[in-house]
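If you want the building blocks of each chain, they are given just below.
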Amino acid sequence: MKRGLIAMRAWMGVAVGFLIELAKSTITVIAAVLGVSGRLRPAIIAVPLDTRSASGITLLANMVTLTPGTTSLDVSEDQKTLYVHALDTADPDAAVQSIKETLEAQVRKVLP
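Below you will find a few notes about this structure.

### Regarding the pattern of salt bridges
Close approach of charged atoms allows side chains with opposite charge to pair.
Move 1: Applying the stated criterion to the full structure yields four salt bridges.
Move 2: Connected through salt bridges with shared partners, the residues D50, K100 and E104 form a single ionic network.

### Section: the layout of surface pockets
Move 1: Estimated volume of the largest pocket: approximately 460 Å³.
Move 2: Forming the walls of the largest pocket are 21 residues, and the residues nearest its centre are S25, T28, P68, T70 and S98.
Move 3: Among the elements of the structure, α1 (2-33) and α3 (92-110) are those that each provide at least two residues to the lining of the largest pocket.
Move 4: A per-element tally of the lining of the largest pocket places α1 first, with six residues.
Move 5: Here the residues of the lining of the largest pocket sort into ten nonpolar, eight polar and three charged.

### Some words on the sheet that holds strand β2 (residues 70-75)
Move 1: Strand order in the open sheet formed by three strands is β1-β3-β2, and the pairing between neighbours is antiparallel. Edge positions in the sheet fall to β1 (43-48) and β2, since each has one partner strand and no second. The average angle at which neighbouring strand axes cross in this sheet is 30°, direction not considered.
Move 2: Of the strand pairs in this sheet, β2 and strand β3 (residues 81-86) are connected by five bridges, and their pairing is antiparallel. The residue of β3 that forms the bridge with V75 is L82.
Move 3: Of the strands in this sheet, β2 and β3 touch helix α2 (residues 54-66), which is tilted by about 150° from β2.

### Some points on a nonpolar patch on the surface
Move 1: There is a patch of nonpolar side chains on the surface, built from L5, M8 and M12 and spanning about 300 Å² of accessible area.
Move 2: Tracing the backbone through its elements, the reader meets L5 in helix α1.
Move 3: For L5, a relative accessible area of 38% puts it in the partly exposed group.

### Looking at the environment of L73
Move 1: Along the chain, the position of L73 falls in strand β2.
Move 2: The exposure class of L73 is partly exposed, given its relative accessible area of 46%.
Move 3: C-alpha of L73 to C-alpha of T58: the two residues are 15 residues apart in sequence and 12 Å apart in space.
Move 4: Residues within four places of L73 in sequence aside, it is in contact with I44, Y83, V84 and H85.

Thresholds, definitions, all that
- Residues numbered from 1 in each chain as written.
- Predicted model: local features only at pLDDT ≥ 70, side-chain atom pairs only at ≥ 80, totals over all residues.
- Heavy atoms only, no water.
- Salt bridge = Lys/Arg side-chain N within 4 Å of Asp/Glu carboxyl O.
- 1 Å grid on protein atoms, 1.4 Å probe; cavity = no way out; pocket = protein on both sides within 12 Å on 5 of 7 lines; lining within 4 Å.
- Points joined across faces, edges and corners; volume = space filled by probe spheres on them.
- Helix = DSSP H or I, 4+ residues; strand = E, 2+ residues; numbered from the N terminus.
- Nonpolar A, V, L, I, M, F, W, Y, C, P; charged D, E, K, R; others polar.
- Pairing = 2+ DSSP bridges.
- Axes fitted to C-alpha atoms, helices over the stretch in contact; angles between N-to-C directions.
- Contact = heavy atoms within 4.5 Å.
- Patch = residues over 30% accessible without salt bridge, like charges linked within 9 Å, V, L, I, M, F, W, Y side chains within 5 Å.
- Areas by Shrake-Rupley, 256 points an atom, 1.4 Å probe, with all protein chains shown as cover.
- Buried < 20%, exposed > 50% of the residue type's maximum accessible area, 1.4 Å probe, protein only.

Quick look at the structure:
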């Protein structure tokens with residue numbers, strides 16, 4: 001019973017973390033669409049994965065796609081890289097780091 005409660009708390013943390021990223025991304029995309037930031041800088045970025053399980057990679061790819069302004073494109077054959085299209089990114093390295101520190105960190109709490 002205690003183990004189930006711990007797992008449920010971890011999944012709730014993932015949900016809350018995702019909702020926070022969803023809100024931030026929504027605001028960023030609205031600003032980009034309305035032209036507040038000027039010209040869009042789309043990019044395809046390669047996100048090196050620490051998540052190794054198929055279910056963890058799938059969850060991460062889905063979270064990326066559900067976040068406004070990003071779309072998962074593909075996973076490398078060795079399952080070590082997730083390719084993502086970003087609508088607007090001035091710094092691709094910062095975008096990669098953001099995905100790793102937010103979404104992937106949340107996924108790793110519940111799936112390896």
